[in-house]
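Here are the chains, one letter per residue:
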Amino acid sequence: MGRFLFRLPDIGEGVAEAEIVARAVKIGDHVKEDQPLLDVMTDKATVEMTSPVHGIVVALHGEIGAMMPVGGVLVEFEVEGAGNAGEMPTAVAEPVAQVQPAPKPEPEVVKPAATSPASAPLASPFTRHRAYELGIDLSHVQGSGPAGRIVPADLEAYVQRQNAPAVSGLSRNTAVHDTRIVGLRRKIAEKMQEAKRRIPHFSYIEECDVTELEALRQDVNQNLHAHQPKLTLLPFFMRALVKVLPEFPNINARYEDEDGVLHSFGGVHIGIATQTANGLIVPVVRHAEALNIWDCARELTRVTSAARNGTATRDELSGSTITLSSLGALGGVAATPVINHPEVAIIGPNKIIERPVVHNGQITIRKMMNISSSFDHRIVDGHDAARFIQQLKRLIEHPAIIFMD
Amino acid sequence: MTETIKTKVLVIGGGPGGYVAAIRAGQLGLETVLVEAGRLGGTCLIRGCIPSKALIHAASHFATMVETARESRFGIQLETPPTLDFAQTIGWKDGIVDRLSGGVAGLLKRAKVRVIEGWAQFSDAKNCTVTTPSGPLTISAEHVILATGAQPVELPFLPFGGAVISSTEALALQEVPKHLAIVGAGYIGLELGTAFAKLGAKVTIVEAKDQILPLYDDKLVAPVQRWLEQHDVALHLGAKALGHDEGCLNIETREGETIALPADKILVTVGRAPNTFGWGLEQMNLRMSGPFVAVDERCATSTRNVWAIGDLVGEPMLAHKASAQGEMVAEIIAGQRRRFAPVAIPAVCFTEPEIVSVGLSPGDVPAGVEIMIGQFPLQANGRALSMDAGDGFVRVVAQKSDHRILGIQAVGAHISEFSGEFATLLEMGAVLEDVRGIIHAHPTQSEAIFEASLKALGHAIHI
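Just so it is clear, the structure is predicted and the values come from calculations on it, not from any experiment.

Here we take up the overall build of chain B. Secondary structure summary: chain B contains 12 helices and 24 strands in total. Sorting the 463 residues of chain B into buried and exposed places 50% on the buried side.

Looking only at helices and strands, chain A has 7 helices and 18 strands in total. The 405 residues of chain A split such that 32% are buried. Of all intrachain contacts in chain A linking residues separated by at least 6 positions in sequence, the fraction that spans at least 24 positions is 62%.

For the rest of this paragraph, the subject is the nonpolar core. Ranked by size, the top nonpolar core spans 144 residues in total, and within it A21, I145, I309 and I405 of chain B carry the most contacts. Take this core: its biggest share by element is 8 residues, from helix α3 (residues 49-70) of chain B. Look past the residues within four positions of A21 of chain B in its chain and what remains in contact with it is V11, I145, A147, I309, G326, E327, V329 and A330 of chain B. Membership of the second largest hydrophobic core comes to 53 residues, among which are I251, I281, A288 and A385 of chain A.

Do not read the fine detail of predicted coordinates wherever pLDDT is low. Confidence in the prediction for chain B averages 95 pLDDT; 100% of positions are at 70 or higher. Overall fold confidence (pTM) sits at 0.63, and the ipTM for the predicted complex is 0.74.

This brings us to the packing of helix α5 (residues 233-244) of chain A against helix α6 (residues 293-308) of chain A. Residues and elements named next belong to chain A. The interhelical angle for the contact between α5 and α6, taken along N-to-C directions, is 120°, at an axis separation of 9 Å. Taken together, α5 and α6 sit at an angle that is classed as oblique. Regarding α5 and α6, the two cross each other, and that crossing is right-handed. On the side of α5, the interface is formed by L234, P235, M238 and R239, while α6 contributes I293, C296, A297 and L300.

Here the focus is the sheet that holds strand β14 (residues 258-262) of chain B. All names here are of chain B. Across the sheet, which stays open at both edges, the 3 strands sit in the order β12-β13-β14 with antiparallel pairing between neighbours. Each having just a single partner strand, β12 (240-245) and β14 make up the two edges of the open sheet. Averaged over all pairs of adjacent strands, the angle between strand axes in this sheet comes to 30°, irrespective of strand direction. Note: strand β13 (residues 248-252) against β14, 5 bridges, orientation antiparallel. Residue pairing for β14: N250 is matched across the bridge by A260.

Bringing helix α1 (residues 18-27) of chain B into the picture now. All names here are of chain B. Along α1, 9 of the 10 residues are buried, which leaves the element largely enclosed by surrounding structure. Where α1 is concerned, the buried positions are G18, Y19, V20, A21, A22, I23, R24, A25 and G26. Taken together, the buried residues of α1 touch β1 (3-12), β2 (32-36), α2 (42-47), α4 (86-110), β6 (135-146) and α8 (319-333). G29 sits one or two positions beyond α1 and adopts a positive phi of about 80°.

Right, let's get into the environment of Y204 of chain A. Residues and elements named next belong to chain A. Examined against the element boundaries, Y204 turns out to sit in strand β9 (residues 201-209). Considered as a pair, Y204 and A385 are 181 residues apart in the sequence and their alpha carbons are 7.8 Å apart. In contact with Y204, other than residues within four places in its own chain, are S373, A385, A386 and I389.

Model confidence for chain A is summarised by a mean pLDDT of 85, while 88% of its residues fall at 70 or above. Across residues 87-116 of chain A, confidence stays below pLDDT 50; counting only partners more than four residues off in sequence or on other chains, it has 69 contacts.

Hydrogen bonds between backbone atoms are what pair the strands of a sheet, whose relative direction is either parallel or antiparallel. All names here are of chain B. Judged by pairing direction, the sheet is parallel, and its 5 strands sit side by side in the order β8-β15-β9-β10-β11 without closing on themselves. In this open sheet, the two strands that pair with only one neighbour each are β8 (164-165) and β11 (234-237). Direction of pairing for strand β9 (residues 179-183) relative to strand β10 (residues 202-207): parallel, over a ladder of 5 bridges. Bridge pairing in β10 places V183 opposite V206. Those strands touched by helix α6 (residues 187-198) are β9, β10 and β15 (265-268), and its axis lies near 165° from that of β10.

In this section: helix α7 (residues 218-230) of chain B. Residues and elements named next belong to chain B. Taking 1.5 Å as the rise per residue, α7 with 13 residues should run 18 Å; its terminal C-alpha atoms sit 18 Å apart, in good agreement. For α7, the secondary structure elements touched by its buried residues are α6, β11, β21 (354-359) and β24 (405-412). Of the residues trailing α7, D232 is marked for its positive phi of about 60°.

With that settled, consider unusual backbone geometry. In this structure, P342 of chain A follows H341 of chain A across a cis peptide bond, with omega equal to 5°. Looking at where P342 of chain A falls in the secondary structure, it is placed in the loop between β16 (322-324) and β17 (345-359). With omega at -10°, the peptide bond leading from E315 of chain B into P316 of chain B counts as cis. When you line up the elements, P316 of chain B lands in the loop between β19 (306-308) and α8. Although it is not a glycine, D232 of chain B adopts a positive phi angle of roughly 60°. Considering the arrangement of structural elements, one finds D232 of chain B in the loop between α7 and β11.

This part is about the packing of α5 of chain A against helix α7 (residues 382-397) of chain A. Residue and element names in this part refer to chain A. Contact pair α5 / α7: the axes reach a minimum separation of 10 Å and the direction vectors enclose 130°. Relative to α7, the element α5 lies oblique. Here the hand of the crossing between α5 and α7 comes out right-handed. Between α5, through A240, K243 and V244, and α7, the contact on the second element is made entirely by F388, Q391, L392, L395 and I396.

Our focus in this paragraph is the environment of D257 of chain A. All names here are of chain A. Tracing the sequence through the fold places D257 in the loop between β10 (253-256) and β11 (261-264). Take D257: there are 14 C-beta atoms within 10 Å of it, and that puts it in the partly exposed class. Sequence-wise, D257 and P342 are 85 residues apart; in three dimensions their C-alpha atoms are separated by 8.1 Å.

All names here are of chain B. Locating F376 in the fold gives a position in strand β22 (residues 371-377). We classify F376 as buried; it has 26 C-beta atoms within 10 Å. Along the primary structure F376 and A460 are separated by 84 residues, whereas in three dimensions their C-alpha atoms are 8.6 Å apart.

What counts, and where the lines are drawn
- Residues numbered from 1 in each chain as written.
- Chains lettered and ligands numbered in written order.
- Predicted model: local features only at pLDDT ≥ 70, side-chain atom pairs only at ≥ 80, totals over all residues.
- Helix = DSSP H or I, 4+ residues; strand = E, 2+ residues; numbered from the N terminus.
- Buried ≥ 20, exposed ≤ 12 C-beta atoms within 10 Å, placed from the backbone.
- Contact = placed C-beta atoms within 7 Å.
- Core = buried A, V, L, I, M, F, W, Y, C linked by C-beta atoms within 7 Å.
- pLDDT = per-residue confidence, 0-100.
- Axes fitted to C-alpha atoms, helices over the stretch in contact; angles between N-to-C directions.
- Parallel < 35°, antiparallel > 145°, perpendicular 65-115°, else oblique.
- Left-handed = near helix turned anticlockwise from the far one by under 90°.
- Pairing = 2+ DSSP bridges.
- Expected span 1.5 Å × (residues − 1).

Structure representation (structure tokens):
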């Protein structure tokens with residue numbers, strides 16, 4: 001009998017750790033090869049880990065919710081034969097996936113906090129500690145000491161002022177409910193933080209007349225063949241993107257900023273921002289350029305349903321080169337969508353409303369829609385973004401062009 | 001089957017960072033295990049700060065008596081020169097080290113920290129195997145605090161071994177070398193060089209830069225340089241060490257001339273490098289910052305619940321910084337909201353005379369900030385003169401707009417003891433007028449702090 005250590009494999013894309021979200025086995029279980037062991041969550045995807053061996057579970061590592069580093073032991077088995085760990089779990093037993101330490105040391109040395117600029121708020125260590133505990137930025141607190149030094153009484157007065165009762169007679173509800181941000185919500189939080197921190201966004205919003213498109217769409221939907229899916233607006237946008245993007249290779253791209261490399265793609269892989277019961281997920285329709293409008297519609301339905309019911313594979317949740325984020329029927333005049341890092345652009349169609357507009361010299365009722373978009377200003381200049389959106393607009397306003405070669 | 005320990009907190013390294021973290025974690029009721037391969041106390045206690053200070057102290061005693069035998073001082077004359085049994089000096093130093101290391105063990109025990117003697121090897125960020133004298137055991141921890149410290153940097157053309165030694169061996173020599181060549185005039189090289197010069201060695205110091213103690217400004221360094229020159233310590237600045245032959249160190253001088261310096265021992269003190277190899281750091285997938293482990297202001301690494309402190313995370317590589325970070329990390333693990341944001345980390349240098357620097361020197365002040373400087377010479381301080389130690393000064397650097405003190409530096413005998421007052425003034429956010437309002441005892445050298453502040457305000461009394 002030997003011991004087999006099942007380690008968290010390298011799931012790729014620079015994932016350094018994964019969260020254990022569910023377990024399927026307990027200590028003492030006899031496990032067959034390929035039997036599910038546990039679910040771990042990485043960047044947006046929940047991945048089921050199956051057993052590579054037959055054996056008896058003798059140890060489980062990490063609780064639910066724990067972050068496990070890649071290469072970390074998840075399950076220990078007792079197996080027939082030698083196993084991969086011999087009698088004792090040695091320190092480095094041929095790890096399944098060895099992670100290299102970060103290869104690029106940043107040249108700058110950590111600057112000690114000691115060289116604080118001469119403008120930092122003046123306060124004693126106790127006052128600074130108290131303020132940090134209370135979550136108060138001392139630069140907002142008026143100091144009463146020499147050179148504006150903040151004494152404990154100043155901090156106390158600031159806190160009192162913040163909590164002063166209102167004069168209206170209405171009482172304050174001071175209840176605070178704490179929720180640990182874990183699982184998918186934490187992934188979303190990290191991803192959004194990353195995108196906003198790294199990418200200098202700029203947004204561009206344009207108005208489109210979609211009367212023609214809507215007429216076409218309604219007509220098609222009323223005369224569908226049995227095998228044809230109903231068309232929403234998005235398949236038209238997908239086909240329009242396929243048509244416009246070849247002229248803008250820098251927009252259909254992923255920017256790996258740490259390597260300083262922009263990967264521009266021939267194929268168009270469209271991320272579809274999808275609201276699920278647990279939060280935002282972005283499944284991907286791959287190679288939209290090879291799909292006609294019907295296939296686009298089918299694939300769109302397939303990947304978004306997979307995302308909603310949790311069956312999307314890792315492959316279906318990564319690799320997009322541009323993202324569509326439709327707020328659909330919820331309305332809203334415009335949005336400033338957050339780019340799906342490391343992409344460089346995101347397109348968000350807003351709600352269609354009927355509005356009086358001047359059309360051919362007359363005030364008429366037209367179906368109008370805004371297109372909101374955001375771009376990574378490191379890669380995309382304002383001029384090019386505007387040209388891109390103008391071309392997209394032309395196609396959306398005159399949808400026949402989408403289908404002309 | 002190997003024993004497996006599951007613990008809340010695992011501390012790697014028993015130096016001033018690690019042991020303080022472990023004691024604090026224990027005080028806070030966290031189940032804590034500390035792994036140390038060598039002796040408790042780390043570089044600081046075993047082969048750094050403490051043993052070097054003991055050696056410096058003994059050397060000063062000896063030097064005073066040698067001088068007194070040569071010529072009468074204060075009317076005191078020794079008929080015969082003193083003799084030195086250096087093995088006994090080292091024995092006395094070892095006694096202090098033993099006492100302090102034992103003390104650390106006692107403190108850890110009282111804090112209910114389990115100490116494991118052995119070398120830890122990580123298999124991932126939270127699990128390691130420790131090779132102990134009684135066999136291997138594995139440790140699985142919820143939180144890992146890395147405090148592996150640093151070690152002397154080796155020069156490729158002067159590898160350690162034989163006559164070429166690091167500070168560790170210099171503190172354990174059994175006799176005083178006749179000729180000691182030192183490569184690197186940082187604080188470690190100068191402290192040891194000064195001590196060995198006082199013990200009778202002929203000391204030569206080789207430094208690649210144009211100044212000794214390149215981290216300090218020339219005004220602070222000048223009294224130290226004067227002492228070295230007066231005591232026949234040869235300095236080769238702007239010079240490069242090339243390699244060594246039997247009994248000598250070959251250097252290229254600033255002028256490009258190659259010369260051989262006589263040397264029984266060659267002490268290489270060109271810096272210290274963090275200990276990042278040999279214990280499985282590469283299995284932990286931590287983000288690095290240059291040679292150091294990258295951490296944020298809470299000493300958190302890029303992997304959750306893995307913390308790193310002390311020399312491993314960057315400059316300044318000082319014991320008191322490591323201890324402060326260790327204490328903080330333990331409190332964060334216990335659920336407190338803390339961060340490492342000192343106004344200043346004091347630095348002291350036990351040369352002859354001593355140097356202390358806290359906060360900004362005039363040259364460090366950011367552009368655009370107008371400053372006022374008050375410098376008071378110890379020549380005008382009664383206590384300094386009564387100790388026959390007039391070479392030195394206290395210098396206060398303040399911001400002109402609001403008189404906030406940005407930094408204080410001093411050089412003089414026993415001046416390192418001022419680091420506490422200097423740091424207090426900076427951390428409490430003192431302005432020059434605060435120091436004016438604090439009565440400093442007479443006759444002490446601390447009056448110089450008061451006078452330097454008055455000088456900055458334009459009305460010093462005693463100059």
